[in-house]
Amino acid sequence: MIFDIFQTLPIPNNHLQGSYDVRLILLSFIVAMSASYIALDLTGRLRDANNTEASRLLWLIGGSVAMGAGIWAMHFIGMLSFTIPGVSLRYDPFWTVFSLLVAIIASSFALYLLQSTTIRLEHYIVGGIVLGLAIASMHYTGMEALLITLNIRYLPSIFFLSILIAIVASEAAIWMALKSNQVILRIRGRIKLISAFIMGIAICGMHYTGMAASIFTPLCIVTTISKTEAFDPSYLSVIIATVTFVILSIAFLASNYKEGLNQQQLERARQLGMAEISASVLHNVGNVLNSVKISTDSIAERVSESKLMGLDKLSVLLNEHKHNFTDFFQEPQGVKVVSYIDMLAKYWRDEKNAILNEINQLNKNLELITETISTQQELSKTTDFQQLFSVNELLDEALLITGLSISKAIRVEKHYDKIKPTKSDKVKLLQVLVNLMHNSKDALMESSQKNKLMILKTLKIKNEKIRIEISDNGIGISPKNLNKIFRYGFTTKVLGHGFGLHTSALSINAIGGEISVKSEGLRKGATFIIDLPVRN
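Bear in mind the structure is a predicted one, so any value in this text is a computation, not a measurement. (Residues numbered from 1 in each chain as written. Predicted model: local features only at pLDDT ≥ 70, side-chain atom pairs only at ≥ 80, totals over all residues. Heavy atoms only, no water.)

The subject of this paragraph is the overall build of the protein. When its secondary structure is counted, the protein shows 13 helices and eleven strands. Each of the 536 residues in the protein was classed as buried or not, and the buried ones make up 47%. Long-range pairs, those at least 24 residues apart, make up 82% of the contacts in the protein between residues at least 6 apart in sequence. Split by element, the accessible area of the protein, about 28,000 Å² in all, is 62% carbon and sulfur. (Helix = DSSP H or I, 4+ residues; strand = E, 2+ residues; numbered from the N terminus. Buried < 20%, exposed > 50% of the residue type's maximum accessible area, 1.4 Å probe, protein only. Contact = heavy atoms within 4.5 Å. Areas by Shrake-Rupley, 256 points an atom, 1.4 Å probe, with all protein chains shown as cover.)

Have a look at this one:
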């Protein structure tokens with residue numbers, strides 16, 4: 001059996017050598033690169049936060065067809081570029097279609113793997129191996145479509161090298177697909193283009209290595225094939241090129257249309273986020289001003305009702321006896337004056353401390369107002385969205401804006417890791433943090449918990465990611481709603497509009513991060529998790 005597949009004996013003298021059409025090789029690379037770009041683009045669509053089960057399935061099916069057709073087309077255009085002098089190459093329709101199905105199934109496996117929010121290392125490695133073997137199977141299945149007067153065997157070393165190239169290319173494709181969606185939106189297109197170029201070279205490398213492994217020899221019996229049993233290569237090349245680019249164009253337009261909708265929602269989210277921050281600032285400044293008024297009223301009341309007002313009467317009394325102080329202080333009334341002065345001194349010390357405390361509280365409240373307004377003004381003036389900032393300090397800013405830093409109803413615990421400043425879109429991230437904290441605050445106020453607790457945590461994961469966790473012991477999230485929580489229009493609030501968390505997910509995706517949620521169920525609290533790439 002192995003002798004029917006591999007060329008284990010010396011290469012026979014009657015083996016046939018062919019040549020390649022450089023133009024078709026270039027065309028096959030363009031097709032491979034285009035298919036790779038579409039695959040990277042569709043990965044982003046599959047990971048959209050607002051996908052329903054039906055829309056995710058449609059993207060998976062459509063993406064598999066587009067990606068599979070692109071890889072298969074590259075393979076067949078590459079085969080069409082190969083000619084053997086004096087031999088007419090024709091293709092069996094069954095094996096041709098079967099190899100296309102193998103390519104589509106392989107693509108669907110890859111896209112299914114990439115639709116998950118997080119991918120574990122073992123899944124990543126196994127996925128690359130399976131995808132590589134599937135692509136190699138597509139190539140060698142396609143080779144079976146050759147109905148010519150030739151026998152095909154493969155050099156074992158080059159044969160297995162082509163499979164290794166397919167696996168390495170698949171691992172690289174999965175890695176690039178993940179990384180291309182973890183960069184900021186502004187450079188995502190360039191990263192995809194570079195990644196598609198590399199993937200195109202890898203895919204073509206696998207194909208032409210597989211072709212180099214092939215040893216062609218004439219069959220003893222010439223097989224005749226009617227026109228109805230096989231495709232003519234000249235027509236096949238036109239059909240493949242046309243149909244492939246039509247499919248890829250449809251997929252590209254559909255993906256761009258979806259991305260356009262996402263960007264519209266993202267821009268609307270930015271505007272609404274700034275409005276929400278401004279409203280929070282006004283609300284919290286108003287609360288602090290109430291505290292300021294209470295402090296000033298308290299000081300005014302203390303001054304107006306102060307016992308030190310009795311100093312006026314004491315002054316009059318002392319002036320009346322200023323010429324006979326010695327006799328006056330020996331009288332009962334004079335003795336009482338001394339005791340009265342001691343009492344006033346003690347009272348003044350207590351009153352001075354109370355007033356100073358009120359003044360210190362006034363200063364703190366005024367500083368809080370100044371800091372809150374300055375934070376809002378800084379955000380409104382920001383033009384360069386990419387800034388170097390401390391994630392821990394940004395969380396404190398969000399606490400300040402939401403009023404949780406001075407809240408008495410909710411206890412806030414901070415567990416901050418030592419994290420160096422990172423570069424990202426500070427405004428987008430702050431808007432998301434403010435929205436998540438508002439939601440957590442609402443969940444706590446609706447719950448029956450007596451000890452209402454919010455926990456903020458930051459940590460660094462393997463020097464690659466910065467994780468932010470916002471947890472509470474509020475009303476929690478029902479298991480059936482966990483998969484819908486980031487979907488556009490979905491809300492569990494009576495007065496909710498259903499796009500706060502959705503736009504938060506879009507914002508995090510736009511800066512190259514990921515957002516997820518955990519909850520053990522109703523009345524068991526919830527934890528929102530943001531993973532950001534490290535950019536120092």
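Back to the text.
This part is about unusual backbone geometry. In the Ramachandran plot, arginine 523 falls in the positive-phi region, its phi being about 65° despite a non-glycine side chain. Mapped onto the elements of the fold, arginine 523 is located in the loop between β10 (514–518) and β11 (526–533). For arginine 523, a relative accessible area of 68% translates into the label exposed.

When you line up the elements, isoleucine 475 lands in the loop between β9 (465–472) and α13 (500–510). Expressed as a C-alpha distance, the spacing of isoleucine 475 and alanine 443, which sit 32 residues apart in the sequence, is 5.4 Å. Beyond its immediate sequence surroundings of up to four residues, isoleucine 475 is in contact with Ala443, Glu446, Ser447, Gly521, Leu522, Arg523, Lys524 and Gly525.

Moving on: the pairing of strand β3 (residues 150–154). The alternating pattern of β3 places Leu150, Ile152 and Tyr154 on a buried face, while none of Asn151 and Arg153, on the opposite face, is buried. Sheet topology note: the β3/strand β4 (residues 214–218) ladder contains five bridges and is antiparallel. Residue pairing across strands places isoleucine 152 opposite phenylalanine 216, the latter belonging to β4. (Pairing = 2+ DSSP bridges.)

Let us look at the side chain of threonine 458. Relative to the elements of secondary structure, threonine 458 occurs in strand β8 (residues 453–461). Threonine 458 gets classed as buried once you look at its relative accessible area, which sits at 2%. A polar atom in the side chain of threonine 458 sits 3.1 Å from the backbone nitrogen of aspartate 417. Those residues in contact with threonine 458 that sit more than four places away from it in its chain are Val391, Asn392, Leu395, His415, Tyr416, Asp417, Ile419, Arg467 and Ile468. (Polar contact = N/O pair within 3.5 Å; in protein donor to acceptor, adjacent residues only side chain to side chain.)

Right, let's get into helix α2 (residues 53–80). Given 3.6 residues per helical turn, the α-helix brings residues three or four places apart onto the same face. Helix length check: α2, at 28 residues, gives a terminal C-alpha distance of 40 Å against a target of 40 Å (1.5 Å per residue), a fit within 8%. For α2, a buried count of 20 out of 28 residues is recorded, marking the element as mostly surrounded by other parts of the structure. (Expected span 1.5 Å × (residues − 1).)

As a further point, take the sheet that holds β10. Taken in spatial order, the five strands line up as β6-β8-β9-β11-β10 in an open sheet, and their pairing is mixed. Two strands close off the open sheet at either side, each with one partner strand: β6 (411–416) and β10. Taken pair by pair, the neighbouring strands of this sheet meet at an average axis angle of 15°, ignoring direction. Sheet topology note: the β9/β11 ladder contains eight bridges and is antiparallel. Directly across from isoleucine 468, in β11, lies its bridge partner isoleucine 530. Relative to the sheet, helix α11 (residues 391–402) contacts β6, β8 and β9, its axis offset from that of β6 by approximately 170°. Packed on one face of the sheet, helix α12 (residues 426–446) meets β8, β9, β10 and β11 and runs near 25° to β9. (Axes fitted to C-alpha atoms, helices over the stretch in contact; angles between N-to-C directions.)

Along the chain, the position of phenylalanine 94 falls in helix α3 (residues 93–114). Sequence separation between phenylalanine 94 and glycine 142 is 48 residues; the distance between their C-alpha atoms is 9.8 Å.

It is worth spelling out the pattern of salt bridges at this point. Counted by the stated rule, this structure contains six salt bridges. One salt bridge in this structure joins glutamate 413 and arginine 411, with 2.5 Å as the shortest N-O distance. (Salt bridge = Lys/Arg side-chain N within 4 Å of Asp/Glu carboxyl O.)

Moving on to the packing of aromatic side chains. Across all of its chains, the model carries 13 aromatic pairs by this definition. Taken together, a centroid distance of 5.2 Å and an interplanar angle of 90° make the contact between phenylalanine 159 and phenylalanine 160 edge-to-face. In textbook terms, an aromatic cluster arises when at least three aromatic residues are bridged by ring pairs, as seen for Tyr20, Phe82, Tyr208 and Phe216. (Phe/Tyr/Trp six-rings, centres within 6.5 Å; stacked < 30°, edge-to-face > 60°.)

With that settled, consider α13. α13 sits mainly inside the fold: ten of its eleven residues count as buried. Along α13, the positions that sit buried rather than exposed are Gly500, Leu501, His502, Thr503, Ser504, Ala505, Leu506, Ser507, Ile508 and Ala510. At the exit of α13 stands glycine 512, carrying a positive phi of roughly 85°.

Direction vectors running N to C along α3 and helix α4 (residues 121–143) enclose 170°, while the axes themselves pass 8 Å from each other. Classified by the angle between their axes, α3 and α4 sit roughly antiparallel to one another. Judged by residue contacts, Trp95, Phe98, Ser99, Val102, Ala103, Ala106, Phe109, Ala110 and Leu113 of α3 engage His123, Gly127, Val130, Leu131, Ala134, Ser137, Met138, Thr141 and Gly142 from α4. Residues belonging to the contact of α3 with α4 are distributed by class as follows: twelve nonpolar, six polar and no charged. (Parallel < 35°, antiparallel > 145°, perpendicular 65-115°, else oblique. Nonpolar A, V, L, I, M, F, W, Y, C, P; charged D, E, K, R; others polar.)

Looking now at the nonpolar core. Within the largest apolar cluster, 55 residues are counted, with the highest numbers of intra-cluster contacts made by Tyr91, Met143, Tyr154 and Phe216. When residues of this core are assigned to their parent elements, the largest contribution, twelve residues, is made by α2. With 36 residues, the next largest nonpolar core counts Val434, Ile470, Ile515 and Leu532 among its residues. (Core = buried A, V, L, I, M, F, W, Y, C linked by side-chain atoms within 4.5 Å.)

For the protein, the average pLDDT comes to 78, and 80% of its residues sit at 70 or higher. Taken as a whole, residues 222–231 scores under 50 in pLDDT and shows 15 contacts with residues more than four places along the chain or in a different chain. (pLDDT = per-residue confidence, 0-100.)

Take the environment of leucine 399 next. In this structure, leucine 399 sits in helix α11. Taking the C-alpha atoms as reference points, leucine 399 and histidine 438, 39 residues apart in sequence, are found 9.6 Å from one another. Other than its neighbours up to four places away in sequence, leucine 399 contacts Leu404, Ser405, Val412, Lys414, Tyr416, Met437 and Leu456.

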